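# Summary of structural features
Below are the chains, spelled out letter by letter.
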Amino acid sequence: MSLNELWFLLIAVLFVGFFFLEGFDFGVGMETQILAKNDTERRVLINSIGPFWDANEVWLITGAGAMFAAFPHWYATLFSGFYIPFVFALLALIARGVAFEFRGKRDSKTWQKTWDVCIFFGSFLPPFLLAVVFASFIKGLPIDGDMQMYAGFFDIVNAYTVVAGITVVLLCLVHGLMFTTLRTLGDLQERARKLAQKLLIPLAVLLVAFVIMTYNMTDIFDKRGTLLWIVVALGVVAYLLSGYFMTKKKDGYAFGMTGAVMALSVASIFIGLFPRVMISSLDQAFNLTITNAASGHYSLKVMTIVALTLLPFVLGYQIWSYFIFHKRVHEKEHLEY
């Protein structure tokens, strides 16, 4: 494996990790308006992700940083071309983070409702917009020979990318509901499980629709057909198992299966792209690849050494935090947020 291939793989792993971990955070954030019946339940939900949400976002920052260092042309084309969606996603993440800290600072319904709205939209917009961006990757964008992207509104926002966005949002919600069953007790836990079961059918319809649209509207099944069909088959198995475990109230296994569906969905994007990183709809010769978008060999070598040195500490810290804060959150306890 070359260093170019290694760093493409590492970036893929970082984004898979981000969607798996931050996916349930986004889901819980949406639950504060969909599942919670009162302020106490909202506080329970927020406290269930309180120790984790900021560390989970590090996966996104690290993925973007790795992209900048390993594939600067990919980073430049991507962030300049998707400047407006990324600004909205960033503002939503900022508002969400501030809302977590500020909603409990004043005993005022108007104050709390304002921040609750920020939490909801700060949990809905980022997964929707990021899914739109990733779907655009594989559909193709108007990129010229100078690696400049000249995308109009409908190049980015169209039926295919909107379906992708809605699918990922609903998948995050189901994933978050299963996380809630692991972190709460009583009526809230039971309602989270029942709602997740109800959402399985509409989510399945969206997932099937997205696979069909991907097959017909992109070339990734032509490029990586055998491997992608294996991923699809694994996703179907994981999805069916998630529903089975929900009915048996084996919430840990169900959470693992919804996470597996999320991880396989994101991984399929990178599998379909490889060795490309962005597809040009103007001319295949203008595609950005792991070769023409990469940094020099020496830069990649130094980055590899640094990454392999620091990665165990980062993973160790995150595993430790999940172990320390594994206890369920109860409404009778002191709620920090």
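Residues numbered from 1 in each chain as written. Predicted model: local features only at pLDDT ≥ 70, side-chain atom pairs only at ≥ 80, totals over all residues. Heavy atoms only, no water.

Keep this limit in mind: UniProt positions are given in the numbering used here, feature names are shortened, and annotations may be inferred rather than shown by experiment.
As named in an unreviewed UniProt entry, the chain is Cytochrome d ubiquinol oxidase subunit II, taken from Paenibacillus phytohabitans. One UniProt comment on the chain, placed under Subcellular location (unreviewed entry), says "Cell membrane". The UniProt entry for the chain carries the following comment under Sequence similarities (unreviewed entry): "Belongs to the cytochrome ubiquinol oxidase subunit 2 family."

### Section: the overall build of the chain
Basically, it comes down to this: Strands here are runs of E lasting at least two residues and helices are runs of H or I lasting at least four, both read from the DSSP assignment and numbered beginning at the N terminus. We compute the radius of gyration over the C-alpha atoms and compare it with the globule rule, which gives 2.2 Å times the number of residues raised to the power 0.38. Only protein chains enter the calculation, and the probe is 1.4 Å; a residue is then buried if its accessible area is under 20% of its type maximum, exposed if over 50%, and partly exposed in between.
Along the backbone of the chain there are 12 helices and two strands. For the chain, the α and β elements follow one another from N to C terminus as α-α-α-α-α-α-α-α-α-α-α-β-β-α. Computed over C-alpha atoms, the radius of gyration of the chain comes to 20 Å, within 12% of the 20 Å expected from 2.2 N^0.38 for 337 residues, which places it in the range of a compact globule. Once the C-alpha set of the chain is aligned to its principal axes, its extents read approximately 60 × 40 × 35 Å. Across the 337 residues in the chain, those meeting the buried criterion constitute 52%.

### What to know about the layout of surface pockets
Our working definition: A cavity here means a set of points on a 1 Å grid, drawn over the protein atoms and nothing else, where a 1.4 Å probe fits but cannot get out; a pocket is an open set with protein on both sides within 12 Å along at least five of seven lines, and a residue lines either one if it has an atom within 4 Å of a point. Grid points are joined across faces, edges and corners, and a volume is the space filled by probe spheres set on the points. Gly falls in the polar group here, along with every residue not listed as nonpolar (Ala, Val, Leu, Ile, Met, Phe, Trp, Tyr, Cys, Pro) or charged (Asp, Glu, Lys, Arg).
By volume, the largest pocket is sized at about 670 Å³. In this structure, the largest pocket is lined by 31 residues; those nearest its centre are Leu207, Phe210, Val211, Ser265 and Ser268. Of all the secondary-structure elements, those providing two or more residues to the lining of the largest pocket are helix 6 (109-139), helix 8 (159-183), helix 9 (186-217), helix 10 (220-247) and helix 11 (251-273). When residues of the lining of the largest pocket are assigned to their parent elements, the largest contribution, nine residues, is made by helix 10. A breakdown of the residues in the lining of the largest pocket according to their chemical character gives 26 nonpolar, five polar and no charged. What the second largest pocket holds in volume is close to 560 Å³. Those elements giving two or more residues to the lining of the second largest pocket turn out to be helix 1 (3-34), helix 3 (53-70) and helix 12 (297-324).

### Here's the deal with the UniProt feature "transmembrane region" (unreviewed entry) in the chain
Cross-referencing UniProt, the feature "transmembrane region" (unreviewed entry) maps to residues 6-28, 82-102, 114-138, 158-178, 199-215, 227-246, 253-274 and 302-325 in the present numbering. When the span residues 158-178 is considered, its composition is 95% helix and 0% strand, and the gap between its end C-alpha atoms is 30 Å. A helix fraction of 96% and a strand fraction of 0% characterise residues 302-325, whose end C-alpha atoms lie 35 Å from each other.

### What to know about the environment of tyrosine 160
For clarity, the cut-off: Here a residue-residue contact requires only that any non-hydrogen atoms of the pair lie within 4.5 Å.
Position of tyrosine 160 relative to the elements: it lies in helix 8. Along the backbone, tyrosine 160 and valine 266 are 106 residues apart, and their C-alpha atoms lie at a distance of 16 Å. The residues touching tyrosine 160, leaving out its near neighbours within four places in the chain, are Ala135, Ile138, Lys139, Phe210, Met213, Thr214, Met217 and Thr218.

### Some details on the side chain of threonine 214
Note the following rule: Nitrogen and oxygen atoms within 3.5 Å of one another constitute a polar contact, given that in protein one can donate a hydrogen and the other can accept it, and given that sequence-neighbouring residues count only through two side-chain atoms.
Along the chain, the position of threonine 214 falls in helix 9. A polar atom in the side chain of threonine 214 sits 2.8 Å from the side chain of tyrosine 160. Look past the residues within four positions of threonine 214 in its chain and what remains in contact with it is Ile138, Tyr160, Ile220 and Phe221.

### Examining helix 12
Which entries qualify depends on this criterion: Take the residue count of a helix, subtract one, and multiply by 1.5 Å to get its expected span.
Under the 1.5 Å per step criterion, the end-to-end length of helix 12 is 40 Å for 28 residues, consistent within 8% with the ideal 40 Å. Within helix 12, the full set of buried residues consists of Leu300, Met303, Thr304, Gln318 and Ser321. Looking at the packing, one finds that the buried side of helix 12 touches helix 1 and helix 3.

### Some remarks on the packing of helix 1 against helix 2 (residues 39-49)
Note the cut-off: To obtain each axis, a line is fitted to C-alpha atoms, and for helices this fit is confined to the stretch in contact; angles are then taken between N-to-C directions over 0 to 180 degrees. Roughly parallel refers to an angle under 35 degrees, roughly antiparallel to one over 145, roughly perpendicular to one between 65 and 115, and oblique to any angle outside these ranges.
Direction vectors running N to C along helix 1 and helix 2 enclose 170°, while the axes themselves pass 9 Å from each other. One element, helix 1, and the other, helix 2, form an angle in the roughly antiparallel class. Along the contact surface, helix 1 presents Phe24, Asp25, Val28, Glu31, Thr32 and Gln33, while helix 2 presents Arg42, Leu45, Ile46, Ser48 and Ile49.

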